Amino acid sequence: MRERDEPEVIGRRVQRLRAERGLTQRQLAEPAYTPAYISTLEAGRVRASDEALRHIADRLGVAFEELAVGRPAHLATDLRLRLTEAQRVLADGRAEETAAQYALLRTEAEGHGLVCEEAAALLGLGECALETGELTGAREYFERAEELLAGKTLPERVPAVRGRAVAHYLAGELRYAVYLLESALDELNRGGLHDPDALLLLYASVIGPYMDMGAHARAAQAAEFALALAPRAGDPALIARMHRSVARTLLAEGRVAEADASLAKAAELYRQLSLRTELANCHWMRGYVCAQNGELERAEDELRQAHAMLSETRAALYRSQAAVELADVLHRRGKSREAAGLLEGVLGDFSSERGAVHAAAAHRLLGIIAEDARDTEAAEEHYVRALSLLERAGAAGDLADLCRLLGDLLRRTGRTEAALDAYRTGLGHRTAPGTTTLGPAPAQPPL
């Protein structure tokens, strides 16, 4: 509970409540206190003890908190219920509508000194901002939530840490995102804080950055830990998200059937929970799995469904990322004109600070399409832009392939030295070990 209000404020509150109930000072005071004491208290000239306030609260029929800090009874419970409802609305894909609800809840919680509820509202605002692609705002909300929860245990702070990491990841700051997630994992495991929900949230979130950095071994290990933790976690939405993330790693290991099974489990959970945005993301990842397995027609169907659902939810950044995946499948199916139109339409949603990895993928694909059309100048421009974005993001997993494409283009146009430079750059990234700025992997959970 927050610090008690000043005596004058408490006195006026007692006087108002007594008058509303038609009680005299004597009736309020008896049998433990005198009318004179109540008169002095109401005038704000004495700081009542907790024992005295509890007696008065009991006589007035209100909670102790309502007298001490002006907080209506059951307010915290009511706020938590409304926070849960806002979370459900957000899960249904209505981010802008939910943000307005969370903003009101934050103001109310802050006004009554309800720190945990205020932090929950900030986390909700951060998730809304992630959905709409406002990454700077999202990061600020998560940072403020983490500050409010500074005195809480690490498992309680993990959602804020994870939110910050995701904001940095989507902004193309892969190494810093991994640093945040690995630091939290290391602290949890070394400190014996083996909270299944917290660990599952972190392991599921670190898979994407690992894959984009080319750290496939760590991604595979994180996926194994996440799968092992899932039966012990209590949040079905979290388990569904984990299955969606793990599918990508299973695919990289050639375990296509298991990847598809993970996505099927995730889809079923999301249908049960009516989590529209997450369900769209599940269709997206299933389309990705089908594309990698050569099932292009099914991949197109899944990705079109994901893109349509994300367009309905106004999740701008996620919608644009799904569009890039869809464009790749369309190009592979011979629909290059439609693919190029889709990519040109979403490039404005990306920047070096917002979705850099997918922006690079869009430029890479536009370069390939331009090469097919024998427009080498446009192709080179797209490849160079993609290279700049990937180098800034540290996405080693894609850099080598892009350098090969650029090198081949330069060689065909007679620029041998420039082509060799491009190949050398690619080889440097290909031979670099898939590690992170932390060096050794974080401590492991006792599974």
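Residues numbered from 1 in each chain as written. Predicted model: local features only at pLDDT ≥ 70, side-chain atom pairs only at ≥ 80, totals over all residues. Heavy atoms only, no water.

Under an unreviewed UniProt entry, the name given to the protein chain is Helix-turn-helix domain-containing protein, and the organism recorded is Streptomyces tricolor.

1. Things to note about the overall build of the protein chain
What the protein chain contains, in helices and strands, is 23 helices and 0 strands. Taken along its principal axes, the extent of the C-alpha atoms in the protein chain is 100 × 45 × 40 Å. Counting only residues that meet the buried cut, the protein chain has 52% of its 447 residues in that class. At a minimum sequence separation of 6, the contacts of the protein chain that also span at least 24 residues come to 62%. Surface summary for the protein chain: the accessible area is close to 19,800 Å², and the carbon and sulfur share equals 49%. Where the 55 positive side-chain charges of the protein chain centre and where its 67 negative ones centre are 2 Å apart. (Helix = DSSP H or I, 4+ residues; strand = E, 2+ residues; numbered from the N terminus. Buried < 20%, exposed > 50% of the residue type's maximum accessible area, 1.4 Å probe, protein only. Contact = heavy atoms within 4.5 Å. Areas by Shrake-Rupley, 256 points an atom, 1.4 Å probe, with all protein chains shown as cover. Lys, Arg positive; Asp, Glu negative; His and termini not counted. Charge placed at Lys NZ, Arg CZ, Asp CG, Glu CD.)

2. Looking at the packing of aromatic side chains
All chains considered together, the criterion is met by 3 aromatic pairs. Relative to Tyr179, the ring of Tyr176 has its centre 5.8 Å away and its plane inclined at 25°; by these criteria the two rings are stacked. Note that Tyr176 and Tyr179 are positioned in helix 11 (residues 174–190) at a spacing of 3 residues, about one turn of the helix. We classify Tyr179 as partly exposed; its relative accessible area is 35%. (Phe/Tyr/Trp six-rings, centres within 6.5 Å; stacked < 30°, edge-to-face > 60°.)

3. So, the pattern of salt bridges
Within the structure shown, the criterion is met by 25 salt bridges. Note that Arg304 is salt-bridged to Glu338, the shortest N-O span being 2.9 Å. Taken together, the positions of Arg304 in helix 17 (residues 296–313) and Glu338 in helix 19 (residues 336–346) put the pair 34 residues apart, joining distant regions of the chain. A residue is classified by how much of its surface remains accessible, and Glu338, at 38% relative accessible area, is partly exposed. Here Arg412 ties to Glu371 by a salt bridge, and the two come within 2.1 Å at their closest N and O atoms. Of this pair, Arg412 sits in helix 22 (residues 396–412) while Glu371 sits in helix 20 (residues 356–372), and the two are 41 residues apart along the sequence. Judged by its relative accessible area of 52%, Arg412 is exposed. Each of Glu300, Arg304, Arg333, Lys335 and Glu338 takes part in one network of salt bridges that share partners. (Salt bridge = Lys/Arg side-chain N within 4 Å of Asp/Glu carboxyl O.)

4. What to know about the packing of helix 10 (residues 154–170) against helix 11
Following both chains from N to C, one finds helix 10 and helix 11 inclined at 165°, their axes separated by 8 Å at the closest point. Classed by the angle they form, the pair helix 10 and helix 11 counts as roughly antiparallel. Once helix 10 is placed against helix 11, the crossing between them reads as left-handed. Of the residues in helix 11, those in contact with Leu154, Pro155, Arg157, Val158, Val161, Arg162, Arg164, Ala165, His168 and Tyr169 of helix 10 are Leu174, Tyr176, Ala177, Leu180, Leu181, Ala184, Glu187 and Leu188. (Axes fitted to C-alpha atoms, helices over the stretch in contact; angles between N-to-C directions. Parallel < 35°, antiparallel > 145°, perpendicular 65-115°, else oblique. Left-handed = near helix turned anticlockwise from the far one by under 90°.)

5. Side note on the UniProt feature "domain: HTH cro/C1-type" (unreviewed entry) in the protein chain
Within this numbering scheme, the UniProt entry marks residues 14–67 as carrying the feature "domain: HTH cro/C1-type" (unreviewed entry). Each end of residues 14–67 is marked by a C-alpha atom, and these two atoms are 7 Å apart; helix forms 67% of the span and strand 0%. (UniProt positions renumbered as here; feature names shortened; annotations may be inferred.)

6. Thoughts on the state of the cysteines
Considering all chains together, one arrives at 0 disulfides under this definition. Free of any disulfide, Cys128 has its nearest neighbouring cysteine sulfur in Cys116, separated by 20 Å. Residue classification places Cys128 among the buried positions, given a relative accessible area of 3%. (Disulfide = S-S within 2.5 Å.)

7. Quick notes on unusual backbone geometry
Omega for the peptide link from Glu30 to Pro31 comes to 0°, which places this bond in the cis form. Here Pro31 lies in the loop between helix 2 (25–29) and helix 3 (35–42). In this structure, Arg374 is a non-glycine residue whose phi angle is positive, near 65°. Taking the relative accessible area as the measure of exposure, Arg374 reaches 76% and is therefore exposed.

8. Here we look at the nonpolar core
Membership of the largest hydrophobic core comes to 115 residues, with the highest contact counts inside it found for Leu130, Tyr203, Met242 and Tyr383. In terms of residue count, the dominant contributor to this core is helix 12 (residues 196–213) (12 residues). Excluding residues that lie within four positions of it along the chain, Tyr203 makes contacts with Leu185, Asn189, Ala222, Phe225, Ala226, Leu229, Ala443, Gln444 and Pro445. (Core = buried A, V, L, I, M, F, W, Y, C linked by side-chain atoms within 4.5 Å.)

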